[in-house]
Amino acid sequence: MTQIVDREFGPIRSILWPIHKHELKKMMPMLFMLFLICFNYTVLRNMKDAVVITAAGAEILPFIKVWPLLPMAVVITLVFTKLSNVFSQERVFYIMISVFLGFYALFAYVLYPARDIFELNTSADYLQSVLPAGFKGMIAMYRHWLLTAFYVVSELWSTAIMSVLFWGFANEVTRIHEARRFYGTFGIASNFAAIAAGQSGIYFSQQIEGADIALMSSTWEHSVMMLTTVVIVSGLSIMGLFRLINLNVLTDPSFDDLHLTKREIKKKGRLSLRESFSYLSNSKYLLCIATLVVAYNLVINLVEVVWKDQLRHLYPSPGDYNTYINNLTSIQGVVATISALFMAKIIGRFGWTRTALITPITMLITSFGFFCFMFFQNNLSDSVVALTGTTPLAIAVFFGSAQNCLSKAAKYSFFDTTKEMAFIPLDHESKLKGKAAIDGVGSRLGKSGGSLIHQGLLMFLGSLSPCAPFVAAILFAVIAFWFVACRSLGRQFNQIIENAEQQPSPASPTQVELVKKQKPVAVTG
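Undergrad: Explain the confidence of the model for the protein to me, and be specific about the residues and the numbers.
TA: Predicted confidence across the protein gives a mean pLDDT of 82, with 84% of residues reaching 70 or more. Contacts for the low-pLDDT stretch residues 209-216, under 50 throughout, to residues beyond four places or in other chains number 7 contacts. For the stretch residues 261-270, pLDDT sits under 50, and the model shows 17 contacts to residues farther than four places along the chain or on other chains.

Dropping the structure here:
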């Protein structure tokens, strides 16, 4: 593989800022866009957990991620595909962000303060009296349907806005030689966004108590309103930056597909959603990317549900819960930033495959440590209290937090960067529709798969703690499949790049044709 760092960069700049002066016009707006998108993602992720888990318990999460979230992920992918067939990619960007921001405003300013009116307590109480204890999470989802809706739409921000819209756009306008330098810097920006979001969440969770909130039923409601206001302002800024890029940067004719009108697009013969999945299922290359996405989301979901259940018992107040989770997010951002600083050096020295394997290796080691403590914490409780002066619950939360922090840091620094680089050799349609299918539905399948596992275990065992040994066994099996898919994708990716460098003539096969040759593709209209 060619060296990533240009020789004109010194050893310090090659780590901190390996960007040429002429690339700043494109790089800077994209960098700020990603920062704001990740900022919103982190604020929404922490806020939805605090809103839902403290009101209904962590048992609700597996049910949310299967019954409303998975269908909505399919719906949002279908909507994106239909919009892409009608409007330009630029206009689709504005439409989707506007819809998300509109929902957040409606929830925070109107629905959440009046949530007691909307909760289905009478029928939920009846269901709770006649159904087994294993249905506790499903009944809570039904009772708190409004909070469930907020959880779903907040979760979909990462899928629709960050993964599909931004990274789809970035892969469209970034070349391989640029991505090797740009994407590591993008990782640093996203990590700084996590730190900023974590500190913002702490500020609005703690400092708001001194404000005049006579018209509010609780300080937490006011916190939700203020955090949502920050998210809306950030979202409007994202659209402004995207417009700036389209007007001043993407003026080359090679970017015409991003700006085509409806009539021009109809002549291009875009793939339907069904054809996108058909293409995905017949391409070994795309199937490997999909396996990576599903495996990551399955593994992280299996661990997080158990950990968040313990965290909720330690911090039952939504304000305290939000403060803790935002502190953890800030620490996670610092760790991920340090990792991202060396991203370009690492991928240049060790190659795509070894860099991509860092994430599953990290998750294997941290998950092993977390579950080991889970299994033996009762036997160690007396010695733990004597040595640390704290409870076994607090120690369990600490180990789970460490696992979550290191796993997320590896994901943001290494997993996202290598995964997005794998899309770049594909053509415009393959990037657009294949990425929508993988990131739009594949990530949801991973999370929903983990939730189905939790649901099945809860039906038999009643609570999350007895499920831990079974969850651990399944998790390690999934990581094994992840290793296999990662190595296979690495061989294919490197082969495509080598062929492209050796055969640069127009008459040579296109990169996407080389991908298709991995397995025959038969897609009909």
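Undergrad: Break down a positive patch on the surface for me, citing the residues and quoting the values.
TA: Together, Lys284, Arg354, Arg487 and Arg491 make up a region of like positive charge exposed at the surface. Position of arginine 487 relative to the elements: it lies in helix α20 (residues 468-502).

Undergrad: I'd like to hear about a nonpolar patch on the surface, residue by residue, with values.
TA: There is a patch of nonpolar side chains on the surface, built from Ile117, Phe118, Leu120, Tyr142 and Trp145 and spanning about 470 Å² of accessible area. Mapped onto the elements, leucine 120 comes out in the loop between α6 (115-118) and α7 (121-130).

Undergrad: Before we move on, could you go through the pattern of salt bridges and cite the residues and values that matter?
TA: Taken as a whole and judged by the stated rule, the model has 14 salt bridges. The closest approach of N and O atoms between aspartate 125 and arginine 143, which form a salt bridge, is 3.0 Å. Highlighted residues: aspartate 125 in helix α7 and arginine 143 in helix α8 (residues 136-143), separated in sequence by 18 residues. Classification of aspartate 125 by relative accessible area gives partly exposed; the value is 43%. One salt bridge connects lysine 308 with glutamate 304, and the closest N-O pair in it is separated by 3.7 Å. A residue pair is termed a helical-turn pair when its members lie 3 or 4 positions apart in one helix, as lysine 308 and glutamate 304 do in helix α14 (residues 284-314) at 4 residues. Exposure remark for glutamate 304: the relative accessible area of 9% places this residue in the buried category. If you follow the salt bridges from partner to partner, you end up with Lys48, Asp49, Glu155, Glu304, Lys308, Lys408 and Lys447 in one network.

Undergrad: How would you sum up the environment of tyrosine 412? Please name residues and give values.
TA: Residue position: tyrosine 412 is located in helix α18 (residues 392-423). Classification of tyrosine 412 as buried rests on a relative accessible area of 10%. Spatially, the C-alpha atoms of tyrosine 412 and asparagine 191 are 7.4 Å apart, while their sequence positions differ by 221 residues. Among residues more than four places away in sequence, those in contact with tyrosine 412 are Tyr41, Arg45, Gly187, Asn191, Gln332 and Thr417.

Undergrad: Describe α18, and please don't skip the residues or the numbers.
TA: Its 32 residues give α18 an end-to-end C-alpha distance of 45 Å, which sits within 8% of 46 Å, the value for a rise of 1.5 Å per residue. Burial analysis of α18 places 26 of its 32 residues in the buried class, which makes it a mostly covered element.

Undergrad: So what about the packing of helix α2 (residues 24-56) against helix α9 (residues 145-173)? Which residues, and what values?
TA: Orientation of α2 relative to α9, taken along the N-to-C sense of each, is 160 degrees, at an axis distance of 9 Å. For the element pair α2 / α9, the angle class is roughly antiparallel. Crossing of α2 against α9: the hand is left-handed. Classifying every residue of the contact of α2 with α9 by side-chain character gives 22 nonpolar, 3 polar and 4 charged.

Here is what the cut-offs are and how they apply
Residues numbered from 1 in each chain as written. Predicted model: local features only at pLDDT ≥ 70, side-chain atom pairs only at ≥ 80, totals over all residues. Heavy atoms only, no water. pLDDT = per-residue confidence, 0-100. Contact = heavy atoms within 4.5 Å. Patch = residues over 30% accessible without salt bridge, like charges linked within 9 Å, V, L, I, M, F, W, Y side chains within 5 Å. Areas by Shrake-Rupley, 256 points an atom, 1.4 Å probe, with all protein chains shown as cover. Salt bridge = Lys/Arg side-chain N within 4 Å of Asp/Glu carboxyl O. Lys, Arg positive; Asp, Glu negative; His and termini not counted. Charge placed at Lys NZ, Arg CZ, Asp CG, Glu CD. Helix = DSSP H or I, 4+ residues; strand = E, 2+ residues; numbered from the N terminus. Buried < 20%, exposed > 50% of the residue type's maximum accessible area, 1.4 Å probe, protein only. Expected span 1.5 Å × (residues − 1). Axes fitted to C-alpha atoms, helices over the stretch in contact; angles between N-to-C directions. Parallel < 35°, antiparallel > 145°, perpendicular 65-115°, else oblique. Left-handed = near helix turned anticlockwise from the far one by under 90°. Nonpolar A, V, L, I, M, F, W, Y, C, P; charged D, E, K, R; others polar.

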